Every structure is written in C-alpha cells, then in structure tokens.
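# Understanding the architecture of this molecule
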Amino acid sequence: MATMTAAQRREQARIEYDAFLKSCPTNQLLDRISDKWVSLVVAALAPGPMRYSDLGRKIAGVSPKMLTQTLRSLERDGLLTRTVTPSVPLRVDYELTALGRNLAQLLTAVKNWAETHFDEVHRARERYDAETPDE
C-alpha cells in the first residue's frame, strides 16, 4: 500500500466531504450559513456595502452583540470584508467578498421564497394544528 503525502490526504478528504456526517467540516459550514442572522446579514449586504449602524437598523431584532458576532464569523469565513475609515466618529463598512456574493445569491433566493410563500405555509400550519389533537 503506497503512502500518501499530507497534500494528497487533504485532497482525498476534500473529495469525500459528506455534509450528512456531523464530523465533516461541510456540516459545520452548513450550520453556520443556515443561521438566521447570517442569512439576513448576507442578504442585506447583497446590494452593496453597508455601515454597521445601517445593518443594525435594516435587520430588525438583531442585538448589537449578535450583529457583531455574526459579522466577525462572516469575516473569518472569508464572506465579507471590514473596512475602517479613520474619521470622527470612526466609519466601519462591511462588504461581501466574491465568495460572499456567490452565497448571497442562494440566501437571497431563500429569503425571497419565504416572503413569497409565507401565506401558504401559514395556512398549512393552521390546517395541521386544526387537524392534529393536542398531546
């Protein structure tokens, strides 16, 4: 049996990614990008760069702590960039990277689907609740 180099092992692992396995890094990535705040931040940034305060106003219900954590995780994952402009007060802008813009297409489509089909889902929930006895 031939031995593999570290690069060959990494390439083999990449080919064998399986998001259905909890230990797979792609499972962890799906967990990250399926977060509600991540979806909303990425969709909000899809049209172009925004300041922190503008993002906070656009995304109803997000706390400053959660917004900061979400932005940091997206920056760490290479999905957005943070640009600080020295001024008084300090100006901080966030913008999607090419990778983030690619993801934004998908997440914006999901957001649009939710907005378009919510009434149907709501009616289905009402039917289900009416037909299903309380346990």
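Residues numbered from 1 in each chain as written. Predicted model: local features only at pLDDT ≥ 70, side-chain atom pairs only at ≥ 80, totals over all residues. Heavy atoms only, no water.

### Details of the overall build of the protein chain
Operational definition: Segments assigned H or I by DSSP are reported as helices when at least four residues long, segments assigned E as strands when at least two residues long, and all are numbered from the N terminus. Restricting the calculation to C-alpha atoms gives the radius of gyration, and the globule rule supplies 2.2 Å times the number of residues raised to the power 0.38. Three labels apply to residues, based on accessible area from a 1.4 Å probe with only protein chains included: buried if under 20% of the type maximum, exposed if over 50%, partly exposed otherwise in between. Any two residues having at least one pair of non-hydrogen atoms within 4.5 Å are treated as being in contact. Note on areas: Shrake-Rupley, 1.4 Å probe, and residue coverage restricted to the protein chains presented here. The charge count treats Lys and Arg as positive and Asp and Glu as negative. His and the chain ends do not count. For the purpose of locating charges, the reference atoms are NZ of Lys, CZ of Arg, CG of Asp and CD of Glu.
Within the protein chain one finds 6 helices and 3 strands. A compact globule built from 135 residues would reach a C-alpha radius of gyration of about 14 Å, whereas the protein chain, at 20 Å, exceeds it by more than 25%. With the C-alpha coordinates of the protein chain rotated into their principal frame, the extents come out at 65 × 55 × 25 Å. Burial statistics for the protein chain: of 135 residues in total, 23% are counted as buried. In the protein chain, of all internal contacts separated by at least 6 residues, the share reaching a separation of at least 24 is 39%. Total accessible area computed for the protein chain in this model is approximately 10,200 Å², and 56% of it derives from carbon and sulfur atoms. Here the protein chain contributes 19 positively and 18 negatively charged side chains, and the mean placements of these two sets differ by 10 Å.

### Details of the environment of arginine 57
Here arginine 57 shows up in helix 4 (residues 52-58). Owing to a relative accessible area of 60%, arginine 57 belongs among the exposed residues under this scheme. Residues arginine 57 and leucine 74 lie 17 residues apart in sequence; the distance between their C-alpha atoms is 19 Å.

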